[in-house]
Amino acid sequence: MLNTIHSSLVEVFKIPDQDRVQTIIEYDTGSFEIPSDRTNKFTIIEITILPGRSAAAKKSLYRLIFSGLKDLGYQDNDAVVVLYEPELDNWGVRGGVPASEIDLGFDLNV
């Protein structure tokens, strides 16, 4: 799943391939209630991104992620993707500099 999500971000948002920070948090069935119309594969994918991507790019990202999840045996109703977009001033990077003050090395406007 991590490869599916990362490769989708690289393809659609054009992030650098080495820009890969991911985590999986799993809950037991007593700690994670899912709707009855979902399978036990139900997954919430939360992605925190730098702002600037177009609605069309986000739509393409969702489609590509879901396509990859289908290859992993997921049904259409087995996942939700949520994007979080804190403003560039809210990202401290490269020794504590706001991301709004540096050249990130890639274009956010896709």
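No experiment lies behind these values; they were computed from the predicted model shown. (Residues numbered from 1 in each chain as written. Predicted model: local features only at pLDDT ≥ 70, side-chain atom pairs only at ≥ 80, totals over all residues. Heavy atoms only, no water.)

1. A word on the pairing of strand 1 (residues 43-48)
And then number 1: Burial along strand 1 is one-sided: the face carrying Thr 43, Ile 45 and Ile 47 is buried and the face carrying Ile 44, Glu 46 and Thr 48 is not.
And then number 2: Summarising the sheet, strand 1 and strand 2 (residues 79-84) pair through 6 bridges and their orientation is parallel. Each bridged residue has a counterpart across the sheet, and for Glu 46 the counterpart in strand 2 is Val 82.
And then number 3: At this point the chain moves from strand 1, through helix 2 (residues 55-71), to the parallel strand 2, and the crossover so formed is right-handed. (Buried < 20%, exposed > 50% of the residue type's maximum accessible area, 1.4 Å probe, protein only. Helix = DSSP H or I, 4+ residues; strand = E, 2+ residues; numbered from the N terminus. Pairing = 2+ DSSP bridges. Right-handed = clockwise from strand over helix to strand, strands pointing away.)

2. Here we look at the packing of aromatic side chains
Aromatic ring pairs: the centre-centre distance and the angle between the two ring planes describe each pair.
And then number 1: With the rule as written, the count across this model stands at 2 aromatic pairs.
And then number 2: Between Phe 32 and Phe 42, the ring centres sit 6.0 Å apart and the planes meet at 15 degrees, which makes this aromatic pair stacked. A residue pair is termed long-range when its members are at least 10 positions apart, and Phe 32 in the loop between helix 1 (2-13) and strand 1 and Phe 42 in the loop between helix 1 and strand 1 qualify at 10 residues.
And then number 3: The buried category is assigned to Phe 42, whose relative accessible area is 11%.
And then number 4: Through a chain of ring-to-ring contacts, the aromatic side chains of Tyr 27, Phe 32 and Phe 42 assemble into a single cluster.
And then number 5: Lys 41 extends its terminal NZ or CZ atom over the ring of Tyr 74, reaching a point 4.9 Å from the ring centre. (Phe/Tyr/Trp six-rings, centres within 6.5 Å; stacked < 30°, edge-to-face > 60°. Lys NZ or Arg CZ within 6 Å of the ring centre and 35° of its normal.)

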